[in-house]
Amino acid sequence: MGGWAIAVHGGAGVDPNLPPHVQEEAKKLLTRCLNLGISALRSNHSAIDVVELVVRELETDPLFNSGRGSALTANGTVEMEASIMDGKGRRCGAVSGLTTVKNPVSLARLVMDKSPHSYLAFSGAEDFARQQGVELVENEYFVTEENVGMLKLAKEANTIVFDYRIPAVGSETCSAVAESPLQMNGLPISVYAPETVGCVVVDNQGRCAAATSTGGLMNKMNGRIGDSPLIGAGTYACNLCGVSCTGEGEAIIRGTLAREVAAVMEYKGLSLQEAVDFVIKERLDEGFAGLIAVSNKGDVACGFNTTGMFRGCATEDGFMEVGIWE
Amino acid sequence: MGWAIAVQGGAGDIPVTLAAERREPCEAAMRHCLKIGVDALKAQKSPLDVVELVVRELENNPHFNAGRGSVLTREGTVEMEASIMDGNTKRCGAVSGLTTVVNPISLARLVMEKTPHIYLAFDGAERFAREQGVETVDSSHFITQENIERLKQVQEANRVQIDYTKPIQKDEKKETPTADGDSQIGTVGCVAVDSHGNLASATSTGGFVNKMVGRIGDTPIIGAGTYANNLCAVSATGKGEAVMRATIARDVAALMEFKGLSLKEAAAYVIEECVPRGNAGLVAVSAKGEVTMALNTTGMYRACATEDGYSEIGIWSSVQN
């Protein structure tokens with residue numbers, strides 16, 4: 001109890017048949033990011049700085065769905081979004097519809113720190129990025145071959161590809177995704193989970209922060225905004241905790257998931273783990289999602305109702321763990 | 001139990017000296033919207049239909065900062081946003097960055113009902129509007145002379161104006177700002193509950209005067225400007241950034257659920273404790289047919305009515321429910 005803590009995620013909803021070498025790559029990336037965060041925490045960086053630098057690392061690596069490696073829109077382009085929140089003062093920044101900004105989470109931070117607003121999107125956000133002199137690249141930079149292939153599959157199935165690897169949790173082994181078309185928002189679509197990325201930190205002063213970044217749903221409509229940039233849904237931090245969510249965007253939004261964890265701690269006095277368990281169990285209805293959270297007391301917790309979640313966490317007393325499955 | 005409805009036309013630093021010719025059209029609009037909402041509830045329309053039709057009415061009224069009459073971005077354009085939520089299912093829809101859609105709230109509803117998504121914005125939302133065949137017009141339709149003046153004044157004063165409710169004083173020097181600079185935004189919203197306890201909420205706005213292009217406020221953010229579940233429905237208004245960080249609409253519901261506060265207590269708590277003074281207002285109804293309207297600004301255009309015959313129209317806080 002007490003001291004710093006950090007958690008990272010690379011998305012909830014994992015194909016049980018994910019090839020071992022991909023699992024290894026994912027774990028290596030998560031470990032690397034955790035270590036980056038840990039060393040920053042040991043150098044007394046603030047929580048808000050740490051979440052930003054860790055998420056930048058995740059955005060830059062093409063493995064997960066954010067920054068480079070983002071899922072593609074129906075047009076084959078990338079539209080990225082992110083948000084960041086500083087528990088101290090509950091200041092926040094968010095961006096959506098980015099197409100040339102190399103690190104969306106950093107632009108979100110600039111919105112928070114350098115603009116009179118909290119949320120900028122599309123061409124307005126891109127203009128702001130130019131004014132701020134952040135690193136800009138061509139949209140193609142973010143597009144990976146793997147995702148081009150995924151988009152083609154999605155279009156062939158003429159569906160929004162959400163999670164190819166989410167069989168219903170708790171159902172019989174090897175429940176086939178193919179059989180009953182899973183539903184998202186009541187409309188039948190094949191399910192394929194793009195991984196969002198996120199980081200939550202409490203520093204050695206007990207300040208919490210959270211950040212989330214994503215390219216969104218494969219084959220999404222241009223202009224579609226998910227939960228990641230929405231304060232209270234994908235990201236939330238206050239003086240009690242920091243939370244970052246991943247999974248079905250729509251379920252996270254309607255469940256105001258990140259805020260929910262903090263609200264039950266604040267208004268019901270639940271501990272971090274109790275709050276996380278409550279929210280995952282009671283607030284998702286038929287939705288699938290996961291989240292990571294830290295508390296101002298140095299606790300770290302994660303929860304998910306999907307088959308897996310790419311995640312890692314560490315605390316000052318030496319605990320460290322990286323995992324994918326339950 | 002019984003039906004209840006509340007309407008808001010924006011919270012802000014509405015001066016008590018507001019000239020009659022400025023005040024009357026807004027009061028009349030509140031009265032009219034209340035009536036059409038009440039009539040619809042009496043005709044057994046669903047709360048979701050009721051909040052949509054009331055907000056459409058306010059969007060069409062150029063005296064409020066939504067739809068026609070929206071305040072202008074720093075480039076003199078209009079970018080409208082809205083969200084709607086159904087308490088029973090917690091289904092929701094939101095739009096941002098609209099420039100030609102006559103009724104943003106209706107597009108938000110279509111996003112909820114016709115797409116697998118919740119939130120569409122800017123070009124994508126405009127394209128969806130065309131696919132859906134909703135009414136679109138040249139964006140000059142939304143721009144009023146008053147807002148052109150307002151933008152000019154603010155740009156001359158070179159600051160972001162949060163308060164569209166201040167009347168334009170053509171000959172006066174710029175208003176002396178209040179302590180932290182500005183008072184609050186206009187938004188329009190409506191919450192309703194029917195006699196079965198079904199709840200819905202809808203909010204719509206043009207945003208901040210002189211806002212940056214692409215700026216999104218609290219109005220389309222579920223949990224901030226709009227929220228509804230099976231306990232209550234809330235529509236908030238005020239300084240967008242403050243409403244967002246305080247997740248105002250969600251917090252009212254959370255306090256009821258997790259701390260057992262009544263609707264009125266929860267609303268009062270959020271408005272008094274969770275946002276700085278001068279930053280926000282809200283209207284809310286509960287599944288039991290209660291209604292509350294709370295503000296920590298000088299004023300908020302508002303009106304409410306319940307099935308047992310209570311009704312109220314107000315502007316300043318002394319008239320508060």
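Being a predicted model, the structure only gives us computed values, none of them experimental.

About the thresholds
- Residues numbered from 1 in each chain as written.
- Chains lettered and ligands numbered in written order.
- Predicted model: local features only at pLDDT ≥ 70, side-chain atom pairs only at ≥ 80, totals over all residues.
- Heavy atoms only, no water.
- Helix = DSSP H or I, 4+ residues; strand = E, 2+ residues; numbered from the N terminus.
- Buried < 20%, exposed > 50% of the residue type's maximum accessible area, 1.4 Å probe, protein only.
- Contact = heavy atoms within 4.5 Å.
- Rg over C-alpha atoms; globule rule 2.2 N^0.38 Å.
- Lys, Arg positive; Asp, Glu negative; His and termini not counted.
- Charge placed at Lys NZ, Arg CZ, Asp CG, Glu CD.
- Phe/Tyr/Trp six-rings, centres within 6.5 Å; stacked < 30°, edge-to-face > 60°.
- Pairing = 2+ DSSP bridges.
- Axes fitted to C-alpha atoms, helices over the stretch in contact; angles between N-to-C directions.
- Parallel < 35°, antiparallel > 145°, perpendicular 65-115°, else oblique.
- Left-handed = near helix turned anticlockwise from the far one by under 90°.
- Nonpolar A, V, L, I, M, F, W, Y, C, P; charged D, E, K, R; others polar.
- Disulfide = S-S within 2.5 Å.
- UniProt positions renumbered as here; feature names shortened; annotations may be inferred.
- Expected span 1.5 Å × (residues − 1).
- Salt bridge = Lys/Arg side-chain N within 4 Å of Asp/Glu carboxyl O.

Draft legend 1. How the structure looks around the overall build of chain A. Along its length, chain A carries eight helices and 15 strands. When the 326 residues of chain A are sorted by exposure, 64% land in the buried category. Restricting to contacts in chain A with at least 6 residues of sequence separation, those with at least 24 account for 69%.

Draft legend 2. Fine view of the overall build of chain B. Helix and strand counts for chain B come out as eight helices and 12 strands. For 321 residues, the compact-globule estimate of 2.2 N^0.38 gives 20 Å, and chain B sits close to it at 18 Å. Dimensions of chain B along its principal axes, counting C-alpha atoms only, are 50 × 45 × 35 Å. The long-range share in chain B, meaning contacts at least 24 apart out of those at least 6 apart in sequence, stands at 66%. Seen as two clouds, the 32 positive and the 40 negative side-chain charges of chain B have centres 1 Å apart.

Draft legend 3. Quick look at the packing of aromatic side chains. Using the criterion set out here, one finds five aromatic pairs over all chains in the structure. Residues A:Y141 and A:F142 carry aromatic rings whose centres are separated by 5.0 Å and whose planes lie at 85° to one another, so their mutual orientation is edge-to-face. On the basis of relative accessibility, which here comes to 0%, the residue A:F142 falls in the buried class. An angle of 75° between the planes, with centres 6.1 Å apart, marks the rings of A:F278 and B:F258 as edge-to-face.

Draft legend 4. Looking closely at the sheet that holds strand β8 (residues 232–238) of chain B. All names here are of chain B. The four strands lie next to each other as β7-β8-β9-β10, forming an open sheet whose pairing is antiparallel. Each of the sheet's edge strands pairs with one partner strand only, and the pair in question is β7 (226–228) and β10 (291–295). Pairs of neighbouring strands in the sheet enclose a mean axial angle of 10°, with direction left out of account. Contacts from helix α7 (residues 248–259) reach β7, β8 and β9 (280–286), with the element oriented near 145° to β8.

Draft legend 5. A look at the sheet that holds strand β2 (residues 80–86) of chain B. Sheet architecture is open: nine strands sit in the order β9(A)-β4(B)-β3(B)-β2(B)-β6(B)-β5(B)-β1(B)-β11(B)-β12(B), paired in mixed fashion. At either margin of the open sheet sits one strand with a lone partner, and together these are β9 (224–225) of chain A together with β12 (311–316) of chain B. Direction of pairing for β9(A) relative to strand β4 (residues 119–121) of chain B: antiparallel, over a ladder of two bridges. Each bridged residue has a counterpart across the sheet, and for A:R224 the counterpart in β4(B) is B:L120.

Draft legend 6. Looking closely at the pairing of strand β3 (residues 91–98) of chain A. Residue and element names in this part refer to chain A. Most of β3 sits out of view: seven of its eight residues are buried. With six bridges joining them, strand β2 (residues 80–86) and β3 adopt antiparallel strand pairing. Bridged to I84 within β3 is G93. Taking the residues between adjacent antiparallel strands as the criterion, β2 and β3 are bridged by four residues, where G89 takes a positive phi near 85°. Pairing between β3 and strand β4 (residues 119–121): three bridges, direction parallel.

Draft legend 7. Representation of the packing of helix α1 (residues 20–42) of chain B against helix α2 (residues 47–60) of chain B in the model. Residue and element names in this part refer to chain B. Between α1 and α2, the shortest axis-to-axis distance is 9 Å and the interhelical angle comes to 155°. Accordingly, the angle class assigned to the pair α1 and α2 is roughly antiparallel. Relative to α2, the crossing made by α1 is right-handed. Contact residues: M30, H32, C33, I36, G37, A40 and L41 in α1; V50, L53, V54, E57 and L58 in α2. Taken together, the residues of the contact of α1 with α2 break down into nine nonpolar, two polar and one charged.

Draft legend 8. Spatial organisation of the state of the cysteines. Residues and elements named next belong to chain A. Here the structure, examined in full by the defined rule, presents zero disulfides over all chains. In this structure C199 is a free cysteine whose sulfur lies 8.3 Å from that of C33, the closest cysteine sulfur available. C302 forms no disulfide, and the closest cysteine sulfur to it belongs to C313, at a distance of 5.8 Å.

Draft legend 9. View of the UniProt feature "active site" (unreviewed entry) in chain B. All names here are of chain B. Mapped onto this structure's residue numbering, the UniProt feature "active site" (unreviewed entry) falls at T187. Assignment of secondary structure puts T187 in the loop between α5 (145–157) and β5 (188–193). Looking at T187, the relative accessible area reads 1%, which means it is buried. Ignoring any residue separated from it by four or fewer positions in sequence, one finds T187 in contact with Q8, G9, G10, N65, T203, S204, T205, T219, A236, T237 and G238.

Draft legend 10. Just the UniProt feature "binding site: substrate" (unreviewed entry) in chain B, in detail. UniProt records the feature "binding site: substrate" (unreviewed entry) for B:R215, B:I216, B:G217, B:D218, B:T237, B:G238, B:K239 and B:G240 in the present numbering. You can see B:R215 is positioned in the loop between β6 (199–205) and β7.

Draft legend 11. Looking closely at α5(B). Residues and elements named next belong to chain B. Compared with an ideal rise of 1.5 Å per residue, which puts 13 residues at 18 Å, α5 spans 18 Å between its outermost C-alpha atoms and is within 8% of the ideal. Looking at α5, one finds that the buried residues are N147, E149, R150, L151, V154 and A157. Among the structural elements, α1 are those in contact with the buried residues of α5. Positive backbone phi, at 55°, marks N158, one or two positions downstream of α5.

Draft legend 12. How the structure looks around the side chain of B:T219. Looking at the secondary structure, you find B:T219 in the loop between β6 and β7. Of the residues examined, B:T219 reaches a relative accessible area of 1% and is grouped as buried.

Draft legend 13. Layout of the interface of chain B and chain A. With 41 residues of chain B at the contact, the number on the chain A side is 44 residues. Inspection of the region where chain B meets chain A yields three salt bridges. A salt bridge links B:D251 to A:R259, with the nearest nitrogen and oxygen atoms 2.7 Å apart. Within the residue set of the side of chain B that touches chain A, elements represented by two or more residues are β4, α4 (122–132), α6 (240–245) and α7 of chain B. It is α7(B) that provides the largest number of residues to the side of chain B that touches chain A, a total of seven residues. Residues that form the side of chain B that touches chain A fall into these classes: 23 nonpolar, seven polar and 11 charged.

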